Every structure is written in C-alpha cells, then in structure tokens.
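Close look at the chain arrangement
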Amino acid sequence: MLVGSAVAHAQTILVVGDSLSAAYNINVKAGWVALLEQRLAQRNPPYKVVNASISGDTTAGGLARLPTLLKQHRPVVVIVELGGNDGLRGLPPDQVKKNLTALVITSKTNGARVLLVGIRLPPNYGTPYNERFRRIYTDVAAAQRVPLVPFLLEGLAPNGVDIQEDGLHPTATAQPRILENVWDKLKTLL
C-alpha cells in the first residue's frame, strides 16, 4: 500500500478479471494480483494496482463495468483476464471474441496499454470448442497488437498443491507461479 505523496505520483494498473484474479477461496493478500502490487510498490515510480476482478464475471460483465473503471482509476495499463466463465457456460466463441476485442479497444481508446490474459477450458468441453476458444485470445491479441499471456495457469499441476478441490481454481501456493506467468509479459509494458 502506498502512502503520502507516493500515491499521487503512482501510476495505476487495472486488473479486470474473474475468480482466477479475485483470489477465489484463498486469502486475497495471497492472490497473484496482491503479489503483483507488492512487487510494483518497490519500483520508481511506484505503481498502484486496482483489482476490479469479480468471481463469476464474464466478458460482457467486464465490458459493462469497464468505462466506469477507466474513468475512476485512469490506468496506464489494463490487464484483461476474462472469458473463462463465458466458455464454461458454452457461449459462442465469436461473442467472447467480440467482447474481448471491445475490452481491448475501449482500454486503448482511453490511453491504457493492454495485456490480454488467456485461459483454457477443461477437456470435457470437447476438442473443437476448446480449440476455437483457445484461438480467441491469440486472434484478439494479434488483431489489436497487444501482448498475450497465452494461459494464465501455465505450469500448474492439474491436481494436488496447485489446484483447489473444485478442479478449476488455483491454490495460494500456485499464486507466485501465476504472477510470473503474467510478469513475463507485463514488464515490457511498464
């Protein structure tokens, strides 16, 4: 947490995500976004991180909230980590792609640099749907010329210490790895 005049000079990074960024079922201070804020507080100039992630959020929900968030926080960087809940609900990939594109364009139009973060679905959604879903992120990133974290949960063990019993959400011990997945692309935007 920044204090005094450092807050006035801090640049803001806005994270618009779902439960994977909202620290679902773990201490919020252990989540990758909080770990990112700790890392960035040491930089000069410092960065403030605003976590606007909501468990269960979709690309449509994030898009509806984004204009107010941009006006309120005036971020220099927006990290978009949405789409997983759209996929879990079986929404058409074209609609998810349209919403993600609008999230990126709206952020860029408001002067922010954007980092797009991809997610993958469980295999029970079938190979054709999963492949179309995975391509959404690479297509949007390429078309909008923004960096992409291809898979937020890359490198995590599918069960055991990295993923909670629900089989979807990462544990507290997995959060530093998630931060490194994001940091690898984010550091070029700072």
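Here is a short report on the structure shown in this document. (Residues numbered from 1 in each chain as written. Predicted model: local features only at pLDDT ≥ 70, side-chain atom pairs only at ≥ 80, totals over all residues. Heavy atoms only, no water.)

1. Some points on the sheet that holds strand 1 (residues 11-17)
Pairing within the open sheet is parallel, and its five strands lie in the order 2-1-3-4-5. Sheet topology places strand 2 (47-51) and strand 5 (148-149) at the edges, where each strand pairs with a single neighbour. Where strand 1 meets strand 2, five bridges bridge the pair, whose relative direction is parallel. Bridging across to strand 2, glutamine 11 finds its partner in tyrosine 47. Those strands touched by helix 2 (residues 32-41) are strand 1, strand 2 and strand 3 (77-81), and its axis lies near 170° from that of strand 2. Strands strand 4 (113-117) and strand 5 of the sheet are contacted by helix 6 (residues 127-144), whose axis makes an angle of about 165° with strand 4. (Pairing = 2+ DSSP bridges. Helix = DSSP H or I, 4+ residues; strand = E, 2+ residues; numbered from the N terminus. Contact = heavy atoms within 4.5 Å. Axes fitted to C-alpha atoms, helices over the stretch in contact; angles between N-to-C directions.)

2. A short note on the packing of helix 2 against helix 7 (residues 175-186)
In contact at an axis separation of 9 Å, helix 2 and helix 7 are set at 55° when each is read in the N-to-C sense. Classified by the angle their axes make, helix 2 and helix 7 are oblique. For helix 2 against helix 7, the interelement crossing comes out right-handed. Judged by residue contacts, Trp32, Leu35, Leu36, Arg39 and Leu40 of helix 2 engage Gln175, Pro176, Ile178, Leu179, Glu180, Val182, Trp183 and Leu186 from helix 7. Of the residues contributing to the contact of helix 2 with helix 7, the split by class is 10 nonpolar, one polar and two charged. (Parallel < 35°, antiparallel > 145°, perpendicular 65-115°, else oblique. Left-handed = near helix turned anticlockwise from the far one by under 90°. Nonpolar A, V, L, I, M, F, W, Y, C, P; charged D, E, K, R; others polar.)

3. Points about helix 3 (residues 59-73)
Spanning 15 residues, helix 3 covers 20 Å between terminal C-alpha atoms, matching the ideal 21 Å at 1.5 Å per step. At leucine 66, helix 3 is deflected by roughly 40°, the largest bend along its length, and proline proline 67 occurs up to four residues later in sequence. Taken together, the buried positions of helix 3 are occupied by Thr59, Gly62, Leu66, Leu69, Leu70 and His73. Against the buried residues of helix 3 lie strand 1, strand 2, strand 3, helix 4 (84-88) and helix 5 (93-109). Positive backbone phi, approximately 45°, marks arginine 74, located one or two places after helix 3. (Expected span 1.5 Å × (residues − 1). Bend = angle between axes of the 7 residues up to and from the residue. Buried < 20%, exposed > 50% of the residue type's maximum accessible area, 1.4 Å probe, protein only.)

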